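Coordinate inspection notes
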Amino acid sequence: MRRFQTTAVHAGREDFTELGVHAPPMDLSTTYPVRDLAEGGESFSALVGGQAEAANPIYARLHNPTVARTERAIAALEGTQACVAYGSGMATLTAVLMARQAHGRHVLVVRPLYGTSDHLLASGMCGLEAEFVHPEDIAARRRDDTALVVIETPGNPTLDLVDIRAVVDAAGDVPVLVDSTFATPVLQNPANLGARYVLHSATKFLGGHGDVIAGVVCCAEEDAAPLRTMRAATGALLHPMAAFLLHRGLPTLPLRVERAQANAKELARRLQGHPAVAAVYYPGLGTVRNAELVGTQMCGPGTLISFEARGGHDAAAALMSKVKLMTPAVSLGSVDTLIQHPAGLTHRMLDEATRKSTGITEGLLRLSVGIEDVEDLWEDLDAALG
Ligand SMILES: *Cc1c(COP(=O)(O)O)cnc(C)c1O
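Our subject in this report is the structure included herewith. Just so it is clear, the model here is predicted, and its values are computed rather than measured. (Residues numbered from 1 in each chain as written. Predicted model: local features only at pLDDT ≥ 70, side-chain atom pairs only at ≥ 80, totals over all residues. Heavy atoms only, no water.)

What follows concerns the sheet that holds strand S6 (residues 197–201). Spatially, S1-S7-S6-S5-S4-S2-S3 is the arrangement adopted by the seven strands of the open sheet, whose pairing is mixed. Across the chains shown, the open sheet's two edge strands, defined by having one partner strand only, are strand S1 (82–86) and strand S3 (129–133). Across the sheet, the axes of successive neighbouring strands diverge by a mean angle of 20°, strand direction being ignored. With four bridges connecting them, S6 and strand S7 (residues 215–219) associate as antiparallel partners. Its bridge partner lying in S7, Ser 201 is registered against Gly 215. In the packing of helix H4 (residues 65–78) onto the sheet, contacts are made with S1, S6 and S7, and the angle to S1 comes to roughly 130°. On top of the sheet, helix H6 (residues 115–123) reaches strand S2 (106–110), S3 and strand S4 (146–152); it is set at about 125° to S3, its chief contact. (Pairing = 2+ DSSP bridges. Helix = DSSP H or I, 4+ residues; strand = E, 2+ residues; numbered from the N terminus. Axes fitted to C-alpha atoms, helices over the stretch in contact; angles between N-to-C directions. Contact = heavy atoms within 4.5 Å.)

Below, the structure is given as structure tokens:
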């Protein structure tokens, strides 16, 4: 078995020498010539039936070789048989929720979640009944029509961790979806702990350079097939250009995460000692729920830090207006450092009670640490904190 960094560089590129290329060929065709009608018909049926590939791609909504190549590479990083890619992380979550409806309408959800995921589930707009529970109540709340358990770890934006194995045990035969965006496949592989669906907003670390919106779900082949069938019917595709950019980001994923994590460890430590900071939430400081899972479930504390500015909303808003090097923007997992205010931006669709109960206060800021020199980052933050 190859080691992770080698897989990151070579996955989805195994056939390059044979093909006589050194970069992934990008196939932008929307349709494919069919000379042999019998073979074309068989390919059509196979792809609509959820098969990963066929002799002829037929039509780009059914299959695209560039997207399939990127999917194979990401599956290799998560250690799953398959990966299915979509036009965004939210399209990915929607697809899994829709695919699970064949098994029931009830979904158990653990908060906190990415703001829009929370909104999607709480609103019922997918035709599902989402019940928000604490992890320890999952076993008791399971019903015959429970189709899925949804968790996110590390959770957004408090960075609380959820014990994946414990949730999988409590869920019994109900599949568990883990949104593992914050961890990346570098720090955590939920499928190894029994998760059936591993979701990433590939817009974040996998792409890594702030120039592609994408989402992926990694799973077993038997779970991927219905997702592909549904994707061919609903059309929530990833464009091959986006897939190309996503694949391009993968070789440096481990390097980016390791460097950003080293920066984050240092910044978290310094923030904790800063007089303008009331609290720092970082798995590496032991200041989040289930921090002891760092070292077991997660092989490192990650690259995101949340902290509470002393002075609440006004202090947080002032800080966002004062940073010069960091980008004051939502999103995360880019090579540059981003800072944002969850209550005012990403989590503003949540009602106040939910924000309060999940620790999203008016003074909370979330920092997605990039790969810059940590001294420059600290100078910027320290100056903005005043
Ligand atoms: C960004 C994000 C999403 C949504 O992904 P998009 O690509 O923006 O649709 C879902 N979950 C988490 C944890 C995210 O950070």
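So that's the structure; there's more coming.
Okay, the pairing of strand S5 (residues 176–179) next. Taking every second residue as pointing to the same face, both faces of S5 are buried, with Val 176 and Val 178 on one and Leu 177 and Asp 179 on the other. Pairing of S4 with S5, which is carried by four bridges, proceeds in the parallel orientation. Bridge assignment links Glu 152 to a residue of S5, and that residue is Asp 179. Tracing the backbone out of S4, into helix H8 (residues 164–171) and back to the parallel element S5 gives a crossover that is right-handed. For S5 and S6, the ladder comprises three bridges, and the chain directions are parallel. (Buried < 20%, exposed > 50% of the residue type's maximum accessible area, 1.4 Å probe, protein only. Right-handed = clockwise from strand over helix to strand, strands pointing away.)

As a further point, take the sheet that holds strand S8 (residues 277–281). Spatially, the five strands line up as an open sheet ordered S8-S9-S12-S11-S10, and their pairing is mixed. Unpaired on one side and paired on the other, S8 and strand S10 (327–328) mark the two borders of the sheet. Alignment of S10 against strand S11 (residues 338–340), held across two bridges, turns out to be parallel. The residue bridging Pro 328 from the neighbouring strand is Ile 339, located in S11. This element, helix H12 (residues 253–272), spans S8, strand S9 (304–309) and strand S12 (364–368) of the sheet and lies at about 15° to S9. Lying on the sheet, helix H13 (residues 312–322) is in contact with S9, S10, S11 and S12; it crosses S9 at an angle near 130°.

For the rest of this paragraph, the subject is the side chain of Glu 372. Structurally, the position occupied by Glu 372 is in the loop between S12 and helix H15 (374–385). Despite its burial, Glu 372 remains without a salt bridge, the nearest opposite charge being carried by Arg 259 at 7.6 Å. Setting aside residues up to four positions removed in sequence, Glu 372 forms contacts with Arg 259, Asn 263, Val 335, Asp 336, Thr 337 and Leu 377. (Lys, Arg positive; Asp, Glu negative; His and termini not counted. Salt bridge = Lys/Arg side-chain N within 4 Å of Asp/Glu carboxyl O.)

All right, on to the nonpolar core then. Counting 53 residues, the largest nonpolar core has Ile 74, Ile 138, Val 149, Ile 151, Val 176 and Leu 206 as the members making the most contacts within it. Ile 151 has contacts with Val 110, Leu 113, Val 162, Ile 164, Val 167, Val 176, Leu 177, Val 178 and Asp 179, leaving out every residue within four places of it along the chain. Of all hydrophobic cores here, the second largest spans 26 residues; its members include Ala 264, Leu 267, Ala 316 and Leu 365. (Core = buried A, V, L, I, M, F, W, Y, C linked by side-chain atoms within 4.5 Å.)

This part is about the site of the ligand. Neighbouring residues of the ligand: 13 residues in total, closest Gly 89, Met 90, Asp 179, Thr 203 and Lys 204. Within the backbone of Gly 89, one N or O atom sits 2.8 Å away from an oxygen atom of the ligand. In this structure, Met 90 approaches the ligand through a main-chain N or O atom, which is 2.9 Å from an oxygen atom. Relative to its unbound accessible area of 380 Å², the ligand is 94% covered by the protein chains. Under a 2 Å grid-point criterion requiring more than half of the atoms, the pocket assigned to the ligand is the largest pocket. (Near = heavy atom within 4 Å. Polar contact = N/O pair within 3.5 Å; in protein donor to acceptor, adjacent residues only side chain to side chain. Areas by Shrake-Rupley, 256 points an atom, 1.4 Å probe, with all protein chains shown as cover. 1 Å grid on protein atoms, 1.4 Å probe; cavity = no way out; pocket = protein on both sides within 12 Å on 5 of 7 lines; lining within 4 Å. Sits in = over half its atoms within 2 Å of the grid points.)

Attention shifts here to the pattern of salt bridges. For the coordinates displayed, the defined rule picks out twelve salt bridges. Here Arg 228 makes a salt bridge to Glu 221, at a shortest N to O gap of 2.9 Å. The shortest N-O distance in the salt bridge between Glu 375 and Arg 270 comes to 2.9 Å. Linking Glu 375 in helix H15 with Arg 270 in helix H12, this pair joins segments that are 105 residues apart in sequence. By relative accessible area, Glu 375 is classed as partly exposed at 39%.

Burial within S1 is extensive, with five of its five residues counted as buried. In S1, alternate side chains face the same way, and those of Ala 82, Val 84 and Tyr 86 on one face and Cys 83 and Ala 85 on the other are all buried. Pairing between S1 and S7: five bridges, direction antiparallel. Note on S7: the bridge partner recorded for Cys 83 is Cys 218.

Our focus in this paragraph is the layout of surface pockets. A probe as big as a water molecule, rolled over the atoms, marks out the empty space that is left. Empty space within the largest pocket amounts to approximately 330 Å³. What lines the largest pocket is a set of 22 residues, among which Gly 89, Met 90, Tyr 114, Ser 201 and Lys 204 lie closest to the centre. Counting only elements with at least two residues in the lining of the largest pocket, the list comes to helix H5 (89–100), H6 and S6. Among the elements that make up the lining of the largest pocket, the one with the highest residue count is H5 (three residues). Here the lining of the largest pocket is composed, by residue class, of eight nonpolar, ten polar and four charged. What the second largest pocket holds in volume is close to 280 Å³. Surrounding the second largest pocket, 14 residues form its lining, Met 1, Arg 2, Thr 7, Ala 76 and Leu 77 being those nearest its centre. (Points joined across faces, edges and corners; volume = space filled by probe spheres on them. Nonpolar A, V, L, I, M, F, W, Y, C, P; charged D, E, K, R; others polar.)

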